[in-house]
Amino acid sequence: MSFENLKRNRASAISKLVSAAAGDSGPSDKKSYVDERIWKPTVDKAGNGYAVLRFLPPAEGNELPWVRYWDHGFKGPTGQWYIEKSLTSIGQQDPVSESNSKLWNSGNDRDKDVARERKRRLHYVANVLVEQDAANPSNEGQVKLFVFGKKIFDKIMDVMQPQFQDEDPINPFDFWEGASFKLKIRNVEGYRNYDKSEFSSPKALSQDDDELEEIYGKVYDLNEFTDPASYKTYEELSSRLALVLGESSASTQAFRAIEEVSEPAPMKVKPAPEIASASSDDDEDDTMSYFAKLAQED
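In this text the structure is predicted, and so the values were computed from the model without any measurement.

## Focus: the overall build of the protein chain
A count of helical and extended segments in the protein chain gives nine helices and nine strands. Contacts in the protein chain between residues far apart in sequence, at least 24 positions, make up 73% of those at least 6 positions apart. If you sum the accessible surface of the protein chain, you get close to 15,900 Å²; carbon and sulfur atoms cover 48% of it.

## Quick word on the pairing of strand 7 (residues 181-188)
Of the pairings in the sheet, the one linking strand 2 (residues 49-55) to strand 7 comprises five bridges and is antiparallel in character. Along strand 7, the bridge assignment pairs Leu53 with Phe181. Bridge count between strand 7 and strand 9 (residues 198-199): two bridges; the pairing is antiparallel. Note that in strand 9 the partner of Phe181 across the bridge is Phe199.

## Points about the pattern of salt bridges
Counted by the stated rule, this structure contains eight salt bridges. The salt bridge partner of Glu84 is Lys232, with a shortest N-O separation of 2.8 Å. Of the two residues, Glu84 is situated in strand 4 (residues 81-85) and Lys232 in the loop between helix 6 (209-216) and helix 7 (234-245); the sequence distance between them amounts to 148 residues. Residue Lys232 is classed as partly exposed on the basis of its relative accessible area, which comes to 37%. A salt bridge links Lys184 to Glu198, with the shortest nitrogen-to-oxygen separation between them at 3.0 Å. Of this pair, Lys184 sits in strand 7 while Glu198 sits in strand 9; the two residues are 14 residues apart in sequence, bridging distant segments of the chain. By relative accessible area, which is 25% here, Lys184 ends up partly exposed.

## Re a negative patch on the surface
Residues Glu4, Asp208, Asp210, Glu211 and Glu213 make up a contiguous surface patch of negative charge. Mapped onto the fold, Asp210 is located in helix 6. Residue classification places Asp210 among the exposed positions, given a relative accessible area of 57%.

## Re the environment of Trp176
Along the chain, Trp176 falls in the loop between helix 5 (150-160) and strand 7. Between the alpha carbons of Trp176 and Gln207 there is a distance of 8.1 Å; along the sequence they are 31 residues apart. Ignoring any residue separated from it by four or fewer positions in sequence, one finds Trp176 in contact with Phe3, Leu6, Lys7, Arg10, Lys203, Ala204, Asp209 and Leu212.

## Section: the nonpolar core
Nonpolar side chains in soluble globular proteins tend to be buried together. Counting residues in each nonpolar core, the largest one holds 33 residues, and the members touching the most others are Phe55, Trp66, Phe146, Phe148, Ile152, Met160 and Leu183. Breaking this core down by element, the ones donating at least two residues are helix 2 (13-22), strand 2, strand 3 (66-75), strand 5 (121-132), strand 6 (143-148), helix 5 and strand 7. When residues in this core are grouped by element, the largest group, six residues, is from helix 5. Judged by nonpolar contacts, the second largest core, of 18 residues, contains Val125, Val147, Leu222 and Leu241.

## Some thoughts on the side chain of Ser86
Topologically, Ser86 is positioned in the loop between strand 4 and helix 3 (95-104). The exposure class assigned to Ser86 is buried, which follows from its relative accessible area of 0%. At 2.6 Å, the side chain of Ser86 and the side chain of Thr88 are in polar contact. Residue contacts for Ser86: discarding those within four places in its chain leaves Trp70, Asp71, His72, Asp94, Ser97 and Tyr231.

## Some points on the packing of aromatic side chains
Scanning the entire structure with this criterion turns up 15 aromatic pairs. When the centroid spacing of 5.1 Å and the interplanar angle of 75° are considered together, the rings of Trp66 and Phe153 count as edge-to-face. Of this pair, Trp66 sits in strand 3 while Phe153 is found in helix 5, placing the two residues 87 residues apart along the sequence. Phe153 carries the same exposure label as Trp66, and that label is buried. A network of ring pairs unites the aromatic residues Trp39, Phe55, Trp66, Tyr124, Phe146, Phe148, Phe153, Phe173, Phe181 and Phe199 as a single cluster. Between Lys85 and the ring centre of Tyr231, over which it is positioned, the NZ or CZ distance is 4.5 Å. Seen from the ring of Trp104, Lys112 lies directly overhead, with NZ or CZ sitting 4.8 Å from the centre.

## Overview of the confidence of the model for the protein chain
Averaged over every residue, the pLDDT of the protein chain is 84; the share at 70 or more is 79%. Counting interchain partners and residues more than four positions distant, the pLDDT-below-50 stretch residues 257-269 has three contacts.

## So, the pairing of strand 4
Of all five residues making up strand 4, four are buried, and the element is well covered by its neighbours. Remark: five residues form the turn of the hairpin made by strand 3 and strand 4, two consecutive strands paired antiparallel; Gly79 in that turn has positive phi of roughly 90°.

Cut-offs used in this document
Along every chain, residues carry numbers that run from 1 in the direction the sequence is written. Since the coordinates come from a predicted model, pLDDT governs what is reported: local features require at least 70, and pairs of side-chain atoms require 80 or more to be given and counted, while whole-chain, interface and lining totals use all residues. Hydrogens are left out, water is left out, and the side-chain values use all remaining heavy atoms of the structure. Counting from the N terminus, the helices are the DSSP runs of H or I reaching at least four residues and the strands are the DSSP runs of E reaching at least two. In what follows, residue pairs with any heavy atoms lying within 4.5 Å of each other are defined as contacts. Residue-level accessible areas treat just the shown protein chains as cover; the underlying method is Shrake-Rupley with a 1.4 Å probe. We call two strands paired when DSSP finds no fewer than two bridges between them. Whenever Lys or Arg places a side-chain nitrogen within 4 Å of a carboxyl oxygen from Asp or Glu, that contact is recorded as a salt bridge. The buried label goes to any residue with under 20% of its type's maximum accessible area, the exposed label to any with over 50%, and the partly exposed label to all in between, with areas taken from a 1.4 Å probe on protein chains only. Note that patches include only residues with greater than 30% relative accessible area and no salt bridge, and the join distances are 9 Å for like charges and 5 Å for nonpolar side chains (Val, Leu, Ile, Met, Phe, Trp, Tyr). Two residue types count as positive, namely Lys and Arg, and two as negative, namely Asp and Glu; His and chain ends fall outside the count. Note that the charge is assigned to NZ on lysines, CZ on arginines, CG on aspartates and CD on glutamates. Buried Ala, Val, Leu, Ile, Met, Phe, Trp, Tyr and Cys residues that are joined via side-chain atoms within 4.5 Å together make up what is termed a nonpolar core. Any N or O atom pair separated by 3.5 Å or less is treated as a polar contact, with the protein-specific requirement of one donor-capable and one acceptor-capable atom, and with residues adjacent in sequence counted only for side-chain atom pairs. Working definition: rings of Phe, Tyr and Trp (its six-membered ring) pair if their centres are within 6.5 Å, and the pair is stacked with planes under 30 degrees apart, edge-to-face with planes over 60 apart, and tilted otherwise. Only lysine NZ and arginine CZ atoms are considered, and such an atom sits over a ring when it is within 6 Å of the ring centre and within 35 degrees of the ring normal. Confidence of the predictor at the level of single residues is captured by pLDDT, which takes values from 0 to 100.

The structure is reproduced here in structure tokens:
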């Protein structure tokens with residue numbers, strides 16, 4: 001939408017966003033640990049960090065101000081890493097998800113542990129204006145992409161649909177009636193924790209529409225994250241998985257062919273549940289960046 005339409009239609013934005021979150025089909029990402037568009041917080045030696053961000057409205061042509069996607073990151077018995085986006089993000093079958101379902105339904109506790117280790121990870125991406133970043137002042141005033149987990153997304157939903165009568169709904173993505181997000185990071189039992197993070201009181205980002213329009217012109221198009229072309233095919237992912245697990249892709253494909261022929265009426269396998277890992281959901285983005293670097297070294 002244009003800047004004028006954005007300003008005129010902001011009153012109905014909260015209900016639209018809440019409804020969309022309830023039925024979010026989950027797009028993809030174009031994320032890379034070398035992507036200069038992506039902002040990441042910096043923590044001190046104790047694992048603490050602080051920054052102030054302002055979530056921004058969707059770019060023209062984007063239905064929502066966020067996208068979400070899943071990926072997998074685990075090390076196989078070969079010592080190689082599997083770091084790939086999951087095709088389930090765009091509503092397609094994914095070889096790791098299928099493998100996890102079989103492992104989970106095998107009845108073997110060890111197989112369940114393996115499925116937990118290979119579980120898919122949820123990420124959200126949104127545009128933000130970096131208002132304060134003392135650790136990296138050069139980021140301040142810049143529009144960046146922010147990749148975050150479910151805990152922070154839940155905080156966004158909490159202010160859009162408050163639970164108490166003395167709280168008014170806030171659309172944190174709104175230029176005029178939104179609120180800054182104070183990102184507070186602590187080290188809790190070795191993992192990053194964002195529980196102390198909170199939104200400040202609602203306030204216009206600026207009283208100058210020309211300034212707001214300039215910021216709006218820098219917002220990134222998130223449609224790229226929903227593009228199936230940014231995903232590897234099922235066959236490519238299967239080959240990579242076979243390589244990481246030490247299996248030949250040829251034998252894997254042959255096994256799949258035998259299954260299809262011998263089972264004309266496939267059994268309905270109960271999907272493996274999304275099980276929380278030992279690490280915090282909020283720490284997964286940093287973990288994946290680390291995994292990606294290791295994968296580059298293989």
